[in-house]
Amino acid sequence: MQNNARVEYDYSVAKAFTFTAILFGIVGMMVGVTLAFQLAFPHLSNLAGEYGTFSRLRPIHTNTVIFGFTLSGIFAGWYYMAQRILKVSLKESPFLIFIGKLHFLLYFITIFLGIFTLLAGYTTSKEYAELEWPLDILIVIWWVLWGISIFGLIGIRRERTLYVSIWYFIATFIGVSMLYLFNNMEVPTALVSGYGSWMHSVSMYSGTNDALVQWWYGHNAVAFVFTVPIIALIYYFLPKESGQNVYSYKLSILAFWGLMFVYLWAGGHHLIYSTVPDWLQTMGSVMSIVLILPSWGSAINMLLTMKGEWQQLQTNTLIKFMVLASTFYMLSTIEGPIMAIKSVNAIAHFTDWVPGHVHDGTLGWVTFMIMAALYHMAPRMYGREIYSKSLMDTQFWLQSTGIVLYFTSMWIAGITQGMMWRAYDEYGSLLYSFIDTVTVLKPYYTIRAVGGLLYLIGFFMFAYNMYKTATAGRVLDKEPINATPVAA
Amino acid sequence: MFHWFEQRPFFFAVLVFIFVAFAGIVEVIPDFAKQSRPTVGTKPYTVLELAGRNVYIKDSCNACHSQLIRPFKSETDRYGMYSLSGEYVYDRPFLWGSKRTGPDLHRVGNYRTTDWHENHMMDPASVVPGSIMPSYAHQFKNIADIDTAYGEAVTVKKVFNTPYDVDLNGDGKIDVPLGTYEEAKAETLKEAKAIAADMKNQAVKDAVANGQIPEIVALIAYLNSLK
């Protein structure tokens, strides 16, 4: 604590990433809600010519939310908490401040260009790796800058032992580096042939191999963007906010190394019943089930951190956000393995259950945790109380309702669709034509769109509350030790 | 043991890398060593088909349509023979998709015609009542990027030995000609004219007659090649 009192932290980079988390969160979620309404009301898809179709907007939604919103939240969390955990200030190193600012600048430019190139139709079509090669190179540059920041700060640390959150940040850096480089190997065609658009490229891999690398990446982008760094956040912010120690150090070790070892095997479950070798499909299926252990390990470790302090759920809205996040983490990490069982996958694959599964994870776990982290950081970064507690509470319940509407409607839609595709009549002919399986989903698409809209409204409340906190919150005379101070 | 690593960030990072990379080494590498071979009859895409494939990618058709028929009776009844690995060897990137908001297209060339695609892209509900697919009318106006498709064909021929200008089955004929830029342009226009002849849209017909190929023509060439 004495060390802490002396160190004065620099929040310039953390504040910048907080801003982009809110900005890209709004953009990405607004596009998402638009997409949801387009599926329920198809005419909305033709309001802006080629630039408004569902298909053109969909990669913008995924890229802006994954790489715009989520990564911003992760980077904001890093630049805030790394200084505290490592007991060192960015102020002590002008070099690392420069690296941090350059990291932010290049990152911002990339996401910005990403949105426009996708809108213009420049895409490699590989999911979550759609950006074309010049942007890929930019991404590699700022990712390396982030690496310099990580290992630079660790290098000048005053705390000898690395706290759990740092483990997860290191893992994020290494995991994404490896996956991203391998999956985005592509050959720019104009450079080789001298003809055509310089933005165009072809994948280094073809057909089944390309699919294998893509889903090895695609699934593990979920691992190393949606899971590992978010666990880093909760391992710091939940104990900090609740004033409780992490429940078990041993469980932390077990869950971390277990997750590192098992997660990468699970990518194969995206390719069940495809043309990749059978042993790979089985491996993907089995390992997905094993993955429950390390996932629930960290989630249980978090929930048990609250042991004896459950009354905080009533008094502290941020604890509510984080406990709900852990709970949704448990839900989606049991749902995923169930979907990876071959017989279940035969029904679930290609259906709306898939976006349903993704969204209970991203809305419930990832976004809730990032919002909680930013709420926790704001009073300490700006020296002001959170502007409104009642707004925060309303947001919590509105968004929770939104998530429930989202995943329940998509579960029903997905299973309905999967069952209808395989239904036969008594003469052995297919019972439904494809369009029957589309029109029957309409009510569920509407419910999903409404759920998404509620969530988006909640996010606007979050943005407003954060803005007011930074500009008009009641000034704090000293930094709070744990529970984040909130105005009435 | 892990305690030791927690105080040594460099070795910690190395250990994480080993843990993380392990699965990739076991799962991904073996399939690469055993290069997939083309199924008999699988040919590289012509320049026009490649241009159409790029339109398919540009408009993210793969966001809603899969190109992977699973080995279930319900799927082979609905779409045709299940997909084989060797059919995809010239697909860079693969286009399996992950969500079927619309039906699978891997063998759509077997049961849909140029005329059907033309109507479908202009107004999907006109051929499939109740369809929630938007209209892709802009494909009738936008001109397909043949130069980039030619550049792509040359690139895959040079870098990955994709068999253009090669007699694949030994019958003395070149299966998929590529040739020089001028030859490829002329061949592409010839193929485009054959497709436009089956279409009704006058603006498209006029464009092709004037030597320009609208995106819809290239896209239909690609969809017709999916068999």
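Predicted model only: the values in this text are computed from it and were never measured.

**Q** Got a minute to help me understand the nonpolar core in this structure?
**A** Side chains of nonpolar character tend, in soluble globular proteins, to be buried together. Core analysis: the largest hydrophobic core is formed by 180 residues, its most contacted members being Tyr168, Phe224 and Phe237 of chain A. Here the element with the most residues in this core is helix H8 (residues 207–242) of chain A; it accounts for 21 residues. Residue contacts for Tyr168 of chain A: discarding those within four places in its chain leaves Val228, Ile231, Ala232, Tyr235, Ala255, Phe256, Leu259 and Ser298 of chain A. Val187 of chain A together with Ala192, Val204 and Val208 of chain B belong to the second largest nonpolar core, which has 47 residues in total.

**Q** Sorry if this is basic, but what is going on with the pattern of salt bridges here?
**A** In a structure, side chains of opposite charge can pair up when their charged atoms sit close to one another. All names here are of chain A. Evaluation of the coordinates by the stated rule reveals 23 salt bridges over all chains. Measuring nitrogen to oxygen at the nearest pair gives 3.2 Å for the salt bridge that ties Glu127 to Arg58. Of the two residues, Glu127 sits in the loop between helix H4 (94–119) and helix H5 (133–155) while Arg58 sits in helix H3 (residues 54–85), which places them 69 residues apart along the sequence. As far as burial versus exposure is concerned, Glu127 and Arg58 are alike and both buried.

**Q** What should I look at first to understand the interface of chain A and chain B in this one?
**A** At the junction of the two partners, chain A supplies 92 residues and chain B supplies 84 residues. Roughly 7800 Å² is buried in total at the junction of chain A and chain B, and carbon and sulfur atoms are behind 67% of that figure. Contact with chain B buries area across many residues of chain A, yet Trp257, Phe350 and Phe434 of chain A alone supply 11% of it, more than any other trio. As a salt-bridge pair, Asp352 of chain A and Lys99 of chain B come within 3.0 Å of each other at their nearest N and O atoms.

**Q** Before we go on, may I ask you to explain helix H3 (residues 47–58) of chain B in this structure?
**A** One full turn of an α-helix is made of 3.6 residues, so residues set three or four places apart face in the same direction. In this model H3 of chain B runs 16 Å from its N-terminal to its C-terminal C-alpha over twelve residues, within 8% of the 16 Å that 1.5 Å per residue would give. Val47, Leu48, Glu49, Leu50, Ala51, Gly52, Arg53, Asn54, Val55, Tyr56, Ile57 and Lys58 of chain B are the residues of H3 of chain B that are buried. The elements touched by buried residues of H3 of chain B are H3 of chain A together with helix H7 (138–141), helix H8 (146–160), helix H9 (181–197) and helix H11 (215–225) of chain B. Ser60 of chain B sits one or two residues past H3 of chain B and shows a positive phi near 45 degrees.

**Q** Before we go on, may I ask you to explain the UniProt feature "domain: Cytochrome c" (unreviewed entry) in chain B in this structure?
**A** When the UniProt feature table is mapped to this numbering, "domain: Cytochrome c" (unreviewed entry) covers residues 47–227 of chain B. Helix and strand shares over residues 47–227 of chain B are 48% and 0% respectively, and the end C-alpha atoms of the span are 18 Å apart.

**Q** Which parts of the structure should I look at to understand the packing of H3 of chain B against H8 of chain B?
**A** The geometry of a pair of packed helices is captured by two quantities: the angle between their axes and the separation between those axes. Residue and element names in this part refer to chain B. Across the interface, H3 lies against H8 with an axial gap of 8 Å and an inter-helix angle of 110 degrees. One element, H3, and the other, H8, form an angle in the roughly perpendicular class. Regarding H3 and H8, the two cross each other, and that crossing is right-handed. Along the contact surface, H3 presents Val47, Leu48, Leu50, Ala51 and Asn54, while H8 presents Ile146, Ala149, Tyr150, Glu152 and Ala153. Grouping the amino acids of the contact of H3 with H8 by side-chain chemistry returns eight nonpolar, one polar and one charged.

**Q** Which parts of the structure should I look at to understand a nonpolar patch on the surface?
**A** Residue and element names in this part refer to chain A. A cluster of nonpolar residues, Phe95, Val140, Val144, Ile148, Leu181, Met185 and Met204, forms a patch on the protein surface that exposes about 570 Å² of accessible area. By the element assignment, Met204 lies in the loop between strand S2 (201–203) and H8. Residue classification places Met204 among the partly exposed positions, given a relative accessible area of 36%.

**Q** What should I look at first to understand helix H9 (residues 249–263) of chain A in this one?
**A** All names here are of chain A. Here H9 contains 15 residues, and its C-alpha end-to-end distance of 21 Å stays within 8% of the 21 Å for a straight helix at 1.5 Å per residue. Along H9, the residues classified as buried are Ser252, Ile253, Ala255, Phe256, Trp257, Gly258, Leu259, Met260, Val262 and Tyr263. The backbone nitrogen of Lys250 lies 3.3 Å from a side-chain oxygen of the residue at the head of H9, namely Ser248.

**Q** Got a minute to help me understand the UniProt feature "binding site: Cu cation" (unreviewed entry) in chain A in this structure?
**A** All names here are of chain A. Mapped onto this structure's residue numbering, the UniProt feature "binding site: Cu cation" (unreviewed entry) falls at His219, His269 and His270. Look at the named residues: they lie 52 residues apart in sequence, but the longest C-alpha span between them is just 8.8 Å, so in the fold they bunch up. With respect to the helices, strands and loops of the structure, His269 is situated in the loop between H9 and helix H10 (278–290). Setting aside residues up to four positions removed in sequence, His269 forms contacts with His219, Gly284, Ser288, Ala340 and Asn345. A distance of 3.2 Å separates polar atoms of two side chains, one belonging to His269 and the other to His219. Within the secondary structure, His270 is located in the loop between H9 and H10. Excluding its chain neighbours within four sequence positions, the residues that come into contact with His270 are Trp215, His219 and His349. Within the structure, His270 has its side chain in polar contact with the side chain of His219 (distance 3.2 Å).

**Q** When you look at the state of the cysteines in this model, what are you seeing that I'm missing?
**A** Residue and element names in this part refer to chain B. Applying the stated criterion to the full structure yields zero disulfides over all chains. You can see Cys64 has no disulfide; the closest cysteine sulfur is in Cys61, sitting 8.7 Å from it. Note on Cys64: relative accessible area 14%, which makes it buried.

**Q** Looking at this structure, I do not really get the packing of H3 of chain A against helix H15 (residues 353–382) of chain A. What am I missing?
**A** Residues and elements named next belong to chain A. Contact pair H3 / H15: the axes reach a minimum separation of 10 Å and the direction vectors enclose 40 degrees. Our classification of the angle between H3 and H15 gives oblique. For the pair H3 and H15, the crossing hand works out as left-handed. Within the contact between the two elements, H3 uses His61, Phe69, Thr70, Gly73, Ala76, Gly77, Tyr80 and Arg84 and H15 uses His359, Val366, Thr367, Ile370, Leu374, His376, Met377, Arg380 and Met381. For the contact of H3 with H15, a count of residues per class yields eight nonpolar, seven polar and two charged.

**Q** Is there a simple way to explain the packing of aromatic side chains in this structure?
**A** Given two aromatic rings, their pairing is described by the distance between the two centres and the angle made by the two planes. As enumerated under the stated definition, the model contains 66 aromatic pairs over all chains in all. Look at Tyr180 of chain A and Tyr217 of chain A: their rings are 6.2 Å apart centre to centre, the planes differ by 65 degrees, and that puts the pair in the edge-to-face class. Taken together, the positions of Tyr180 of chain A in helix H6 (residues 164–183) and Tyr217 of chain A in helix H8 put the pair 37 residues apart, joining distant regions of the chain. Considered together, Tyr180 of chain A and Tyr217 of chain A belong to a single accessibility category, that of buried residues. Between Phe261 of chain A and Phe19 of chain B, the ring centres sit 5.9 Å apart and the planes meet at 75 degrees, which makes this aromatic pair edge-to-face.

What counts and how
- Counting from 1, residues in each chain are numbered in the order their sequence is written.
- Just so you know, chain letters begin at A and ligand numbers begin at 1, following the order they were written in.
- Only residues with pLDDT of at least 70 are given local features in this predicted model, and only at 80 or more are side-chain atom pairs given and counted; all residues enter the totals for whole chains, interfaces and linings.
- Note: side-chain values were computed over all heavy atoms of the structure, leaving out hydrogens and water.
- The criterion is simple. A nonpolar core is a set of buried Ala, Val, Leu, Ile, Met, Phe, Trp, Tyr and Cys residues joined through side-chain atoms within 4.5 Å.
- Classification of residues uses two cut-offs on accessible area relative to the type maximum, computed with a 1.4 Å probe and protein chains only: under 20% is buried, over 50% is exposed, and between them is partly exposed.
- Comment: elements are numbered from the N terminus, with helices defined as DSSP H or I runs of at least four residues and strands as E runs of at least two.
- The contact criterion used throughout is that any non-hydrogen atoms of two residues lie within 4.5 Å.
- Salt bridges, as used here, are contacts in which a Lys or Arg side-chain nitrogen is within 4 Å of a carboxyl oxygen on Asp or Glu.
- The term buried area denotes the loss of accessible surface (1.4 Å probe radius) that occurs when two parts are joined, taken as the sum for both partners.
- Here the expected length of a helix is defined as 1.5 Å per residue gap, with one fewer gap than residues.
- UniProt positions are given in the numbering used here, feature names are shortened, and annotations may be inferred rather than shown by experiment.
- Only C-alpha atoms enter the line fits that serve as axes; for helices the fit covers just the stretch in contact. Angles between N-to-C directions range over 0 to 180 degrees.
- Every angle not falling under 35 degrees, over 145, or within 65 to 115 is termed oblique; those three ranges are roughly parallel, roughly antiparallel and roughly perpendicular.
- By convention, the crossing between two helices is left-handed when the near helix turns anticlockwise from the far helix through less than a right angle, and right-handed when the turn is clockwise.
- Lys, Arg, Asp and Glu make up the charged group, whereas Ala, Val, Leu, Ile, Met, Phe, Trp, Tyr, Cys and Pro make up the nonpolar group; the residues left over, Gly among them, are polar.
- Residues qualify for a patch when their relative accessible area is over 30% and they have no salt bridge, like charges being joined within 9 Å and the nonpolar side chains of Val, Leu, Ile, Met, Phe, Trp and Tyr within 5 Å.
- Shrake-Rupley sampling with a 1.4 Å probe provides the accessible areas, and residues are treated as covered by the protein chains on show and by no other component.
- Polar contact criterion, stated in full: a pair of N or O atoms within 3.5 Å, where within protein one must be able to donate a hydrogen and the other to accept it, and residues adjacent in sequence count only if both atoms are side-chain atoms.
- For this text, the term disulfide refers to a pair of cysteine sulfurs within 2.5 Å.
- Any two of the Phe, Tyr and Trp rings considered here, Trp counted by its six-membered ring, make a pair once their centres fall within 6.5 Å; the pair's planes then place it as stacked at under 30 degrees, edge-to-face at over 60, or tilted in between.

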